[in-house]
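A closer look at the structure
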Amino acid sequence: MIGLISATAAGAAARDRLAAAWPDRTRVYDGGAGEAVRAAFAECEQLVCFLATGAVVRLLAPLLGDKAADPGVVCVDEGGRFAVSLLGGHGGGANELAREVGGLLGAEPVVTTATDAVGLPGLDTLGFPYEGSVAAVSRALLDGEPVALEAEVPWPLPALPTSPEGAYTVRLTDRAVAPGEREVLLRPPSLVVGVGASRGAPADEVLALVEESLRDAGLSPRSVAELATVDAKSEEPGIVAAAERLRVPLVTYPAPELADVAVPNPSGAPLAAVGTPSVAEAAALARGGELLVPKRKSVRADGRPAMATCAVVRRPGRGRLAVVGLGPGARDLLTPRAADELRRASVLVGLDQYVDQIRDLLRPGTRVLESGLGAEEERARTAVEEARRGHAVALIGSGDAGVYAMASPALAEASDDIDVVGVPGVTAALAAGAILGAPLGHDHVSISLSDLHTPWEVIERRVRAAAEADIVVTFYNPRSRGRDWQLPKALAILAGHRDPATPVGVVRNASRPDESSRLTTLGGLDPATVDMMTVVTVGNTATRDIAGRMVTPRGYRWQESHRTDGQEAAR
């Protein structure tokens, strides 16, 4: 919960905007500022104070305890100009909260945490449990000292400016080892513990078996991602309680699915009881991995038969491929999600000119694999290969990466051994349409006139279908020096079904500094004025030039009534 505190009418107005936007996340504290801050500090995970930073510092000072436990605090000034991350930037989430508050209120987020200020991900913000000298290793990264990355378990980390060797170390490991003096241990969620239990098995017995199995194998309980079992045990109190105490989810599988998993130690007892010859081993191995601890049974102090079994599997991290659309070119048309994915990636793959557009958004240490025009398939293969090696990869394309861009060849190469995330972007048809007016107000289609990947016979058939169906058409890749006849041919096909006065919009370099646009007609368009940087939108029979804007009406009844009334008034 986020506590909201204000002391003036201006602060209260901004406070109420935040409360209205986040009704389920916020709680307003009324009364005197001192009393409100004390109450919110004790009851909330985060605070937003619409007060001067100096006043908040004085109010917070007597309350501060442990940086790992204190809430994150953001201050917003009376004018609503700045959202300052004041306390708990990483541990309390104040840095991210400042960005969220700033985005909602139109305030500039102010983040002074050293790593954030220079674009480095904080070692304590990577989403992993961590141990060791975070401050010392972070300072070494900031100072440019060599810091080695030792990944004992492959995992898709964001970019870090690490070296093959160094006096400081970031070690990614699920082993139960203690950090060195100049070392940070990151605990990836790589371990899956399969558990089986007789009815009524005590939680203490299940938990003791799990902890003992991990300890004997030299594995860290902080790397346990989940407990896994058969569906029939999904509500077994001892298993449910053990998962709760370990603070991990309980994942269950149907018995027939577990019965198909090859295990080294099948047994007739679980087969008779729940329909699978293995519970612990099969549940741990259900999604693949390396069996580190074969099935073992609990030991009871009273000598009675064991009531719990467990097995431990190391499941390697899956590589991550984000296919990111950069939009038409303008930075403010790059979506926040796309920017987040660029900062999350440790490997960037893209066309050199697109890489140049967003190079300043990349974190230090990002490995950039760029190539020139005509290497689309090579870039797609490279991105997938890097993801299969366990990296976090961003493959970029202009506009929307799924529209005549990199998503299609990349996903054709990718299989289910990596995670794939699609990040939409503003595609050229939408950017051009917004500049022209509302040409896509009704049904519309996009057609690429490039016959490099599609035979012209197929393209021509699609143009004819759009012409006959009276659909607005946006042409991508309309004309190049080596392809100068396709656009005239396509326009001629449309002209066989539409009046020469049909509006046509021509937009070149939409949203870029040298953007240009013009509205012409189907009969008046000179194809020689069009190139590969241009998008051509041809209206349908209802499209109109209204006050210099290209508009395709949707056909609302009120529009027809308005048009009829206007005609009557004109008579």
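The notes below deal with the structure included here. (Residues numbered from 1 in each chain as written. Predicted model: local features only at pLDDT ≥ 70, side-chain atom pairs only at ≥ 80, totals over all residues. Heavy atoms only, no water.)

1. Here's the deal with the nonpolar core
- Counting 23 residues, the largest nonpolar core has Val 193, Val 195, Leu 214, Val 224, Leu 227 and Val 312 as the members making the most contacts within it.
- Contributing elements (two or more residues each) for this core: β11 (191–197), α7 (203–217), β12 (224–230), α8 (237–246) and β15 (308–314).
- Residue contributions to this core peak at 5 residues, all from α7.
- Not counting residues up to four positions away in its chain, the partners in contact with Leu 214 are Leu 191, Val 193, Leu 219, Pro 221, Val 224 and Val 312.
- With 21 residues, the next largest nonpolar core counts Ala 466, Ala 467, Leu 487 and Ala 490 among its residues. (Core = buried A, V, L, I, M, F, W, Y, C linked by side-chain atoms within 4.5 Å. Buried < 20%, exposed > 50% of the residue type's maximum accessible area, 1.4 Å probe, protein only. Helix = DSSP H or I, 4+ residues; strand = E, 2+ residues; numbered from the N terminus. Contact = heavy atoms within 4.5 Å.)

2. Description of the packing of α7 against α8
- Look at α7 against α8: their axes get within 8 Å of each other, and the N-to-C directions meet at 55°. Considering the angle they form, α7 stands oblique to α8. You can see that α7 and α8 cross each other, and the crossing is right-handed. Contacts from Ala 203, Asp 204, Val 206, Leu 207 and Val 210 of α7 reach α8 at Gly 238, Ala 241, Ala 242, Arg 245 and Leu 246.
- Grouping the amino acids of the contact of α7 with α8 by side-chain chemistry returns 7 nonpolar, 1 polar and 2 charged. (Axes fitted to C-alpha atoms, helices over the stretch in contact; angles between N-to-C directions. Parallel < 35°, antiparallel > 145°, perpendicular 65-115°, else oblique. Left-handed = near helix turned anticlockwise from the far one by under 90°. Nonpolar A, V, L, I, M, F, W, Y, C, P; charged D, E, K, R; others polar.)

3. Things to note about the packing of helix α17 (residues 456–468) against helix α18 (residues 486–495)
- Relative to each other, α17 and α18 sit at 30°, their axes nearing to 9 Å. Classed by the angle they form, the pair α17 and α18 counts as roughly parallel. In the packing of α17 onto α18, the handedness of the crossing is right-handed. Residues Trp 456, Glu 460, Val 463, Arg 464 and Ala 467 of α17 form the contact with α18, whose own contacting residues are Gln 486, Lys 489, Ala 490, Ile 493 and Leu 494.
- When its residues are assigned to classes, the contact of α17 with α18 shows 6 nonpolar, 1 polar and 3 charged.

4. A short note on the layout of surface pockets
- If you add up the space inside the largest pocket, you get close to 1500 Å³.
- Lining of the largest pocket is provided by 46 residues; of these, Tyr 354, Ser 398, Tyr 404, Asn 477 and Met 532 occupy positions nearest its centre.
- Those elements that provide at least two residues to the lining of the largest pocket are α13 (352–358), α14 (376–388), β19 (392–397), α15 (407–413), β22 (444–448), α17 and β26 (534–538).
- Of the pockets and cavities examined, the second largest pocket occupies roughly 1200 Å³.
- Pro 121, Thr 125, Asp 340, Arg 344 and Arg 363 are, among the 38 residues lining the second largest pocket, the residues nearest its centre.
- Taken together, the residues of the lining of the second largest pocket break down into 15 nonpolar, 10 polar and 13 charged. (1 Å grid on protein atoms, 1.4 Å probe; cavity = no way out; pocket = protein on both sides within 12 Å on 5 of 7 lines; lining within 4 Å. Points joined across faces, edges and corners; volume = space filled by probe spheres on them.)

5. Describing the side chain of Thr 229
- Examined against the element boundaries, Thr 229 turns out to sit in strand β12.
- A residue is classified by how much of its surface remains accessible, and Thr 229, at 0% relative accessible area, is buried.
- For Thr 229, the side chain forms a polar contact with the main-chain oxygen of Val 195, separated by 2.8 Å. (Polar contact = N/O pair within 3.5 Å; in protein donor to acceptor, adjacent residues only side chain to side chain.)

6. Brief notes about the sheet that holds β15
- The strand order across the open sheet built from 5 strands is β13-β12-β11-β15-β14, with neighbouring strands paired in mixed fashion. Single-partner strands in this sheet number two, and they are β13 (250–253) and β14 (290–297). Across this sheet, the average inter-strand angle for adjacent strands is 25°, counted without regard to direction.
- Note: β11 against β15, 7 bridges, orientation antiparallel. Considered in β15, the bridge of Val 193 is made with Val 312.
- Lying over the sheet, α7 contacts β11, β12, β14 and β15, oriented at roughly 40° with respect to β15. (Pairing = 2+ DSSP bridges.)

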